[in-house]
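# Architecture at a glance
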Amino acid sequence: MITAGAELDDITVRQIVKRDFPFLHSCHYLDSASVCPCPRPTVEAMTSFYYEHPLNYGVGDFGKSREVVRKVDEARATVAGFIGASSHEIAFTKNTTEAINTVSRGLVWKKGEGIVLTKLEHQSNVIPWLREAKQDDLTVFYLEPGQDGRVTPDDLEKVMKNHSIRMVAVTHVSNVLGTIQDVSALVKVAKQGGALTLIDAAQSGGRIPFEVSAIGCDFATFCGRKALMGPQGTGFLYARGDWLGKLMPLTVGSRSGNIVNQLDYQDQEPPHRFEAGILNTSGVIGLGESIKYLMELKLEEVTQRIRSLARLLVDVLCDIKGVTVHSPRTVEEQAGIVSWNIRGFAPRVVSDWLDKEASVAVATGHQGSKLLTQAFSTDGVVRTSVHWFNTSDDISALAEGLRRFLSSKR
Ligand SMILES: Cc1ncc(COP(=O)(O)O)c(C=O)c1O
């Protein structure tokens, strides 16, 4: 078995991929920022759930149903441990968007309060706040990233000094540029100004370490299916301390509360009050397995490998005449997501060609981040993203494919 602490070079990775990721045998997959395949142990854990105890979490008083409770509780502890949190600070959600809405809807807003976002945000970390702003007459401010694809604590401080800011909600890793924000510094400034903080960790979770005590944020939102390699339809919200007891639940009903009388009900204790109805039980169990898998690989090694692949990717792209790379050239603060355009060609034309002629899978368009990408091109960008399971073969296939594409169009 190739497991814990195996040094992640191309040879080892090829062996692991051969064993655990059948999907990756079918193409050069450079779209991990959208979705990642689940490793074999995750699929096996979910299959075993359906074969051996396909039961509701927390309902039923027999041995097999208690086994399900044990597995879900274990998954929650794994998720919490992964980011240095406690189980009672984690609520499972169906994705990042739901986790962000749980916070934006769960707070009671006062007219005139301010929200700070950045121009790097995915629309899932914009629209929920705009809705509250429209409804409760709040003001939304945007921080502009510099040439290095990062916003600065100084710019945040300027906004905080002049306005009454209640929430600072920023992405950890840009889903377009791959740049890593200095979230600890931003949180520090926000806290000094008395604001709450939410970190959108949809892209960072599984790419780089996320330690809640080091960052100090009040909320963080995660996506299961991206770099955490969990099942689709999974995500989670971290809410510091007793925040899950203070937010208003987004959805209420079965399992989130109890009827007191015909006119009243009581919410359950957190985190259950945020998990109304029956949970995506197999998904949550699968997510726990995927995170265990990542921990066995060692996240520091994963981060290191992503960084060297990103270096190769940026160098290769910058070497091809006609390609404009939007992600910064220095990859030290980069988490493996690189966006670019080819002068004179719509991104979709490039991706279709790469798919058909070179078996290279990339993403195109605005990536839900139009506030950023519209400056690059009206059609958006081509986005290539690497995870630890990629090898230099994938990047060579991209480079070779692009050269053939360009010479075929001459
Ligand atoms: C930075 C970022 N935030 C939020 C989201 C939305 O994630 P989800 O589909 O899990 O709701 C995405 C999805 O691409 C993203 O990249």
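For the structure itself, consult the block above.
The following refers to the structure shown. Being a predicted model, the structure only gives us computed values, none of them experimental.

### Some thoughts on the environment of threonine 96
Within the secondary structure, threonine 96 is located in helix H4 (residues 96-106). A relative accessible area of 7% means that threonine 96 is categorised as buried. Excluding its chain neighbours within four sequence positions, the residues that come into contact with threonine 96 are Asp200, Ala202, Thr221, Phe222 and Cys223.

### Observations concerning the pattern of salt bridges
Evaluation of the coordinates by the stated rule reveals 27 salt bridges. Residues glutamate 132 and arginine 105 are paired through a salt bridge, measuring 2.7 Å at the closest nitrogen-oxygen approach. Linking glutamate 132 in helix H5 (residues 127-136) with arginine 105 in helix H4, this pair joins segments that are 27 residues apart in sequence. Taking the relative accessible area as the measure of exposure, arginine 105 reaches 27% and is therefore partly exposed. Across the salt bridge formed by aspartate 352 and arginine 348, the nearest N and O atoms sit 3.4 Å from each other. On the criterion of helical spacing, the pair formed by aspartate 352 and arginine 348 is a turn pair, its members being four residues apart in helix H12 (residues 347-358). Residue class for aspartate 352 comes out partly exposed when judged on its relative accessible area of 30%. Here the salt bridges do not stand alone but share partners, grouping Glu67, Arg70, Glu74, Glu289 and Lys292 into one network.

### Let's talk about the pairing of strand E4 (residues 139-143)
Relative to E4, strand E3 (residues 114-118) runs parallel, the two being bridged by five bridges. Looking at the pairing, threonine 118 lines up with leucine 143 of E4.

### Section: the nonpolar core
In terms of nonpolar packing, the biggest core is built from 68 residues, with Ile83, Phe92, Leu156, Val168, Phe210, Phe236 and Trp388 touching the most fellow members. The element that contributes the greatest number of residues to this core is helix H10 (residues 281-297), accounting for seven residues. Shared between two domains, this core holds at least three residues of each, these being domain 1 (10-30 + 298-409) and domain 2 (43-295). Those residues in contact with isoleucine 83 that sit more than four places away from it in its chain are Ile90, Phe210, Glu211, Val212, Phe222, Phe236 and Tyr238. Among the nonpolar cores identified, the runner-up in size contains 29 residues, and Leu317, Leu354, Ala358 and Ala399 belong to it.

### A short note on helix H2 (residues 40-52)
Each full turn of the α-helix corresponds to 3.6 residues, which orients residues three or four apart in the same direction. Here H2 contains 13 residues, and its C-alpha end-to-end distance of 18 Å stays within 8% of the 18 Å for a straight helix at 1.5 Å per residue. All of the buried residues along H2 are Thr42, Ala45, Met46 and Phe49. Angular distribution of buried residues about the axis of H2 spans 95 degrees; they occupy a single face of the element. Where H2 is buried, its residues meet helix H3 (63-82) and H10.

### Topic: the sheet that holds strand E15 (residues 381-385)
Taken in spatial order, the four strands line up as E11-E12-E15-E14 in an open sheet, and their pairing is antiparallel. The open sheet has two free edges, formed respectively by strand E11 (323-325) and strand E14 (363-365), since each of these has just one partner strand. Averaged over all pairs of adjacent strands, the angle between their axes in this sheet comes to 30 degrees, without regard to strand direction. Pairing geometry for E11 and strand E12 (residues 337-342), over three bridges, is antiparallel. When the bridges of E12 are listed, valine 325 appears paired with tryptophan 340. In the packing of H12 onto the sheet, the strands contacted are E12, E14 and E15, and the crossing angle to E12 comes to about 110 degrees.

### Observations regarding the side chain of histidine 387
Along the chain, histidine 387 turns up in the loop between E15 and helix H14 (392-409). Of the residues examined, histidine 387 reaches a relative accessible area of 0% and is grouped as buried. Polar side-chain contacts of histidine 387 include one of 2.9 Å to the backbone oxygen of alanine 227.

### A word on the packing of aromatic side chains
Per the stated rule, a full pass over the model turns up 13 aromatic pairs. Considering the side-chain rings of tryptophan 353 and phenylalanine 405, the 5.7 Å spacing of their centres and the 65 degrees angle between planes classify their relative orientation as edge-to-face. Here the residue tryptophan 353 occupies a position in helix H12, and phenylalanine 405 occupies one in helix H14, the gap between them amounting to 52 residues. Given a relative accessible area of 15%, tryptophan 353 falls into the buried group. Look at phenylalanine 405 and you get buried, because its relative accessible area is 0%. Cluster of aromatic residues (ring-pair linked, three or more members): Phe21, Tyr293, Trp388 and Phe389. Here the guanidinium or amino end of arginine 166 rests over the ring plane of tryptophan 109, the centre of that ring lying 5.3 Å away. When the ring centre of tryptophan 243 is taken as origin, the NZ or CZ atom of lysine 246, which lies over that ring, is 4.3 Å away.

Scoring rules and cut-offs
- Residues numbered from 1 in each chain as written.
- Predicted model: local features only at pLDDT ≥ 70, side-chain atom pairs only at ≥ 80, totals over all residues.
- Heavy atoms only, no water.
- Helix = DSSP H or I, 4+ residues; strand = E, 2+ residues; numbered from the N terminus.
- Buried < 20%, exposed > 50% of the residue type's maximum accessible area, 1.4 Å probe, protein only.
- Contact = heavy atoms within 4.5 Å.
- Salt bridge = Lys/Arg side-chain N within 4 Å of Asp/Glu carboxyl O.
- Pairing = 2+ DSSP bridges.
- Core = buried A, V, L, I, M, F, W, Y, C linked by side-chain atoms within 4.5 Å.
- Domains from an automatic or database assignment.
- Expected span 1.5 Å × (residues − 1).
- Arc of directions from axis to C-beta.
- Axes fitted to C-alpha atoms, helices over the stretch in contact; angles between N-to-C directions.
- Polar contact = N/O pair within 3.5 Å; in protein donor to acceptor, adjacent residues only side chain to side chain.
- Phe/Tyr/Trp six-rings, centres within 6.5 Å; stacked < 30°, edge-to-face > 60°.
- Lys NZ or Arg CZ within 6 Å of the ring centre and 35° of its normal.

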